[in-house]
Amino acid sequence: MLDLTQYGITMWDDATIVSFRKTLLDWYDSHKRDLPWRKTKDPYAIWVSEIMLQQTQVATVIPYYERFLTWFPKIEDLAKAPEEKLLKAWEGLGYYSRVRNMQAAAQQIVRDFDGRFPNQHADILRLKGIGPYTAGAIASIAFDLPEPAVDGNVMRVMARLFEVDYDIGDPKNRKIFQALMAILIDPDRPGDFNQALMDLGADVESAKNPRPHLSPIKAFNAAYLHDSYDRYPIKLPKKKPRPLSWLALLVQNKEGAFLLEKNENRGLLSGFWTFPLLEMPSQAPDDATICQLFKANYPCQIRLTKRTFGMVTHTFSHQKWTVCLREAQLLEEQAELPDKLKWVFPQDFANFPMATPQKKMWQAYQTKANKD
């Protein structure tokens, strides 16, 4: 067990811990959010919700969650799903490695656990894409195991409760909050305890607009009692995302179809379809150079139109894209395109998985075209 005193933290006595648990759970019983994944003990459904909720707002997740379980109702369905259907189900949620890892984990479950979600914390933790938080959430909610689920919301609440003078954004400090939760978690209702802290951290104890005077646990909160609330949690600023400039070419043939390219590279947006993209310096080259660059990378000759469509921006966690849109007409192409390139009519775009930057590009193009 981690010695919390070396981090300047004094744990409460047993009576205070029991009182804290009761106060928190009484509040949760009266104020818990009505969410679809809280109406089941199915570990598969709970797993889907927890992965979707990473980096994504609850209101956004609900329709994705319901559709995902309709498309892939069992672990076996997820394990054998074709890539395009998998990406289509996740389209717009971002952080697409999440769903790829989910499929790999589903395949692990089919292979190693006969298709049944493992019910031991250590086994859950071994699944692809499942870290300590998600393993704790599934173990406690689905199987009533007293395992902490420590996410950003929980660390923020803990930092204020005990005036923790350590950066919650530094991974090496996670063990402090994990140790606090291991002591505090209610052994009889661990899932509800974890979810109560999540709800509290997402609302009353939020990062941007906290309302500590309304918190059900304010009597236990050292930062509130000592008037040091504004100091906690300690969190150093993140690195700014790296800027990247792209030129997107909306190439149309005589029939009115657009050229789409499948991203076959590993990593960001792998497997998604987009208009051809050329990485550009901050200042775009002239039209003749653009056409030459396009011909060097694609089996087509094009002519740029004079219409302009402005810029599209999109920020990922580590990159900020600025995309210049240019319209082009096909002049000549090779007889056969490689598999990663297709001519697609706009009415068929819905059949292809497209990430948010591509949707933004198409929306900007349509908006301008409709005005013209």
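Above this text you will find the structure in question.
So, here's what we can say about the structure. (Residues numbered from 1 in each chain as written. Predicted model: local features only at pLDDT ≥ 70, side-chain atom pairs only at ≥ 80, totals over all residues. Heavy atoms only, no water.)

Ile176, Phe177, Ala179, Leu180, Met181 and Leu184 are the residues of helix 10 (residues 174–184) that are buried. Buried positions along helix 10 lie against helix 1 (14–31), helix 9 (152–162) and helix 11 (190–202). (Buried < 20%, exposed > 50% of the residue type's maximum accessible area, 1.4 Å probe, protein only. Helix = DSSP H or I, 4+ residues; strand = E, 2+ residues; numbered from the N terminus. Contact = heavy atoms within 4.5 Å.)

Here the focus is the packing of aromatic side chains. Across all of its chains, the model carries 26 aromatic pairs by this definition. Consider the rings of Phe20 and Phe193, whose centres lie 6.3 Å apart with planes at 70°: the pair is edge-to-face. Of this pair, Phe20 sits in helix 1 while Phe193 sits in helix 11, and the two are 173 residues apart along the sequence. On the basis of relative accessible area, Phe20 is assigned to the buried category, the value being 0%. Residue Phe193 is classed as buried on the basis of its relative accessible area, which comes to 0%. Taking NZ or CZ as reference, Arg67 lies 4.8 Å from the ring centre of Trp71, over its face. (Phe/Tyr/Trp six-rings, centres within 6.5 Å; stacked < 30°, edge-to-face > 60°. Lys NZ or Arg CZ within 6 Å of the ring centre and 35° of its normal.)

This brings us to the nonpolar core. Residues Trp47, Met52, Phe68, Leu78, Trp90, Phe117 and Val323 are the most contacted members of the largest nonpolar core, which totals 67 residues. For Phe68, the residues in contact, after removing those within four places along its chain, are Tyr44, Val48, Met52, Leu78, Ala89, Trp90, Val99 and Met102. Among the nonpolar cores identified, the runner-up in size contains 34 residues, and Phe20, Leu161, Val164 and Leu180 belong to it. (Core = buried A, V, L, I, M, F, W, Y, C linked by side-chain atoms within 4.5 Å.)

Per the stated rule, a full pass over the model turns up 22 salt bridges. Put simply, Lys41 and Asp144 hold a salt bridge, and the shortest N to O gap is 3.1 Å. With a gap of 103 residues between them, Lys41 in the loop between helix 1 and helix 2 (43–53) and Asp144 in the loop between helix 8 (132–143) and helix 9 connect regions that are remote in the sequence. Judged by relative accessible area, Lys41 falls into the partly exposed class, the value being 44%. Notably, a salt bridge pairs Arg231 with Asp165, separated by 3.0 Å at the nearest N-O pair. With a gap of 66 residues between them, Arg231 in the loop between helix 12 (222–225) and strand 1 (242–252) and Asp165 in the loop between helix 9 and helix 10 connect regions that are remote in the sequence. The partly exposed category is assigned to Asp165, whose relative accessible area is 40%. (Salt bridge = Lys/Arg side-chain N within 4 Å of Asp/Glu carboxyl O.)

For Ala104, the location among the structural elements is in helix 6 (residues 97–112). For Ala104, a relative accessible area of 27% translates into the label partly exposed. Sequence separation of Ala104 and Ala79 is 25 residues, and the distance between their C-alpha atoms is 7.1 Å.

A few words on the state of the cysteines. A full pass over the atoms with the stated rule returns zero disulfides. In this model Cys291 remains outside any disulfide bridge; the closest cysteine sulfur is found in Cys300, 12 Å from its own. (Disulfide = S-S within 2.5 Å.)

This part is about the packing of helix 5 (residues 83–90) against helix 6. Across the interface, helix 5 lies against helix 6 with an axial gap of 10 Å and an inter-helix angle of 130°. On the basis of their axis angle, the class for helix 5 and helix 6 is oblique. Regarding helix 5 and helix 6, the two cross each other, and that crossing is right-handed. Contact residues: Glu83, Leu86, Leu87 and Trp90 in helix 5; Arg98, Val99, Arg100, Met102 and Gln103 in helix 6. (Axes fitted to C-alpha atoms, helices over the stretch in contact; angles between N-to-C directions. Parallel < 35°, antiparallel > 145°, perpendicular 65-115°, else oblique. Left-handed = near helix turned anticlockwise from the far one by under 90°.)

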